[in-house]
Amino acid sequence: MNTQLIHLKYIVRCPACSGGLIWHSGSARCDLCDLEFLVVDDVPVLIADQIPQRTEGPDHAGLLQFLPPRLHPIANSSRRFVRPSLVHRSRHTRSLTHAFTASFPSDATLLNVGAGASNYGENVINLDIVATPGIHVVGLAEHLPFRDAVFDGVLFQAVLEHVGDSGQALGEIRRVLRPAGAVFIEIPFMQGYHPAPHDHRRFTEQGLRVELEQHGFLVDRTGVAVGPASAMAWVTGEFLALLVSGRSGRIYRIARLATDWLAWPIKWADSWLDTHEMAHVIASGVWASARKPADQDSSFDGPRGSHHTP
Ligand SMILES: [Zn+2]
């Protein structure tokens, strides 16, 4: 049950033309362009185009291709026991996001873009491209289905590398933030290719700051989100699998089962390395907190502002 649906009805809009939505049972219709959107189990699916799909190819198929389709759900749910996570989120890293969400008054409304399985509390609306448990609305970062200036804060963690047009996504976040609203953003710097469904880019700490400034944000702080040990674990797991594969893609994918577990303990060094003053030089991921200027409405047209959606 989507407890946010009542609130959502006041702040959503058509992702195609910005029109208002008229709600029916099981669907919503745009009063301007007449597009109809499904509402599945109280979760509105507010995507005008097709939901981006994982492109089929040998670099994406992973180990699932070796299992019969009926075993795929079991394999997906037990994935982290089969393949370990090579990203260590230390206490320091987790404290950053909790400090961000705790910095808002209790009546503030936050948006988590690409929320996945994360849960930051009842005043956070979770958006993702698929309706997994805990997701309140299905939509795309580049076409956020919300009215202007309706959120006090936005969380945007490990999503910017997956969107097709980073400038458009950042422009949309700025648009839905109220003036002086804040964003917390995380993006990989030294991680392996990981399509979900695509993987387009990496940023240094400095590069993330410039990217945000170029899209009309005032950057408060930047730092290391996931440390160099996690980067080393990921690269080591990939490298060992390539090395022992005999140049075979099939053996590479099987070998990663073993090499990821071999490399996995390296990541725990981030318990003390991710706060090293030089950790950013090979950090697995970086973060920034930034604000929309207090005197800016949603019509900002920055140096690369042609992405703005009216
Ligand atoms: Zn419309």
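Numbering of residues starts from 1 in every chain and runs along the sequence as written. In keeping with the model being predicted, local features are shown solely for residues with a pLDDT of at least 70 and side-chain atom pairs are shown and tallied solely at 80 or more, while totals for entire chains, interfaces and linings include all residues.

Draft legend 1. How the structure looks around the overall build of the protein chain. The way it works is that DSSP assigns letters per residue, a run of H or I at least four long becomes a helix, a run of E at least two long becomes a strand, and they are numbered from the N terminus. Within the protein chain, the regular secondary structure consists of 10 helices and 11 strands. Burial is judged by counting the other C-beta atoms within 10 Å of a residue's own C-beta: 20 or more makes it buried, 12 or fewer makes it exposed, and any count in between marks it as partly exposed, with every C-beta position built from the backbone. Across the 310 residues of the protein chain, 39% fall into the buried class. Think of it this way: build a C-beta for each residue from its backbone, and any pair within 7 Å is a contact. Long-range pairs, those at least 24 residues apart, make up 70% of the contacts in the protein chain between residues at least 6 apart in sequence.

Draft legend 2. Quick look at the nonpolar core. In this structure, Val113, Val154, Phe156, Ile173, Val183 and Val286 are the most contacted members of the largest nonpolar core, which totals 68 residues. Counting residues per element, this core draws most heavily on strand β9 (residues 177-188), which supplies 6 residues. For every domain, the bounds stem from an assignment made automatically or drawn from a database. Each of domain 1 (88-227 + 282-292) and domain 2 (228-273) accounts for three or more of the residues forming this core. Residues contacting Val286, with those up to four places away along its chain left out, are Ile187, Phe189, Phe203, Thr204, Glu205, Leu208, Thr222, Gly223, Val224, Ala225 and His280. When buried Ala, Val, Leu, Ile, Met, Phe, Trp, Tyr and Cys residues are joined through C-beta atoms within 7 Å, the set is termed a nonpolar core.

Draft legend 3. The arrangement of the sheet that holds strand β5 (residues 110-113) in detail. For two strands to be treated as a pair, DSSP must find no fewer than two bridges joining them. With mixed pairing, the 7 strands of this open sheet are ordered in space as β7-β6-β5-β8-β9-β11-β10. In this open sheet, the two edge strands, each paired with only one partner strand, are β7 (137-138) and β10 (218-226). Alignment of β5 against strand β8 (residues 151-157), held across 3 bridges, turns out to be parallel. Bridge pairing in β8 links Leu110 to Gly153.

Draft legend 4. Region of interest: the environment of Arg29. Along the chain, the position of Arg29 falls in strand β2 (residues 27-30). The partly exposed category is assigned to Arg29, around which 17 C-beta atoms lie within 10 Å. Remark: the alpha-carbon pair of Arg29 and Gly19, spanning 10 residues in sequence, is separated by 9.5 Å. When sequence neighbours within four positions are dropped, the list of residues in contact with Arg29 reads Leu21, Ile22, His24, Asp34 and Glu36.

Draft legend 5. Main features of the packing of helix α8 (residues 228-244) against helix α9 (residues 249-263). Lines fitted to C-alpha atoms define the axes, with helix axes restricted to the stretch in contact, and inter-axis angles between N-to-C directions lie between 0 and 180 degrees. Running from amino to carboxyl end, α8 crosses α9 at an angle of 140°, the nearest separation of the two axes being 8 Å. Classified by the angle their axes make, α8 and α9 are oblique. By crossing handedness, the relation of α8 to α9 is classed as right-handed. Listed contacts from α9 to Ala233, Thr236, Gly237, Leu240, Ala241, Leu242 and Val244 of α8 are Tyr252, Ala255, Arg256, Thr259, Asp260, Leu262 and Ala263. Of the residues in the contact of α8 with α9, the class split is 9 nonpolar, 3 polar and 2 charged. With respect to orientation, any angle under 35 degrees is reported as roughly parallel, any angle over 145 as roughly antiparallel, any angle of 65 to 115 as roughly perpendicular, and every other angle as oblique. Handedness of a crossing follows from how the near helix is turned relative to the far one, being left-handed for an anticlockwise turn of less than a right angle and right-handed for a clockwise one. Nonpolar residues are Ala, Val, Leu, Ile, Met, Phe, Trp, Tyr, Cys and Pro. Charged residues are Asp, Glu, Lys and Arg, and all others, Gly as well, are polar.

Draft legend 6. Representation of the sheet that holds β2 within the structure. Strand order across the open sheet formed by 4 strands is β1-β2-β3-β4, with antiparallel pairing between neighbours. For this open sheet the edge positions go to β1 (21-24) and β4 (43-44), each flanked by a neighbour on one side alone. By the bridge criterion, 4 bridges tie β1 to β2 in an arrangement that is antiparallel. From the neighbouring strand, Trp23 faces β2, where its bridge partner is Ala28.

Draft legend 7. Looking closely at the pairing of strand β11 (residues 285-291). In terms of burial, β11 is a largely internal element, 6 of the 7 residues being buried. Pairing between β9 and β11: 7 bridges, direction antiparallel. Directly across from Ala182, in β11, lies its bridge partner Arg291. Pairing of β10 with β11 involves 7 bridges; the strand directions are antiparallel.

Draft legend 8. Highlighting the pairing of β8. Here β8 lies mainly inside the structure; 5 of its 7 residues are buried. Relative to β9, β8 runs parallel, the two being bridged by 6 bridges. Pairing of Phe151 across the sheet is with Leu177, part of β9. With the strands pointing away from the viewer, any crossover whose connection runs clockwise from the first strand over the helix to the second is right-handed. Of the crossover connections in this fold, the one passing from β8 over helix α6 (residues 166-176) to the parallel β9 is right-handed.

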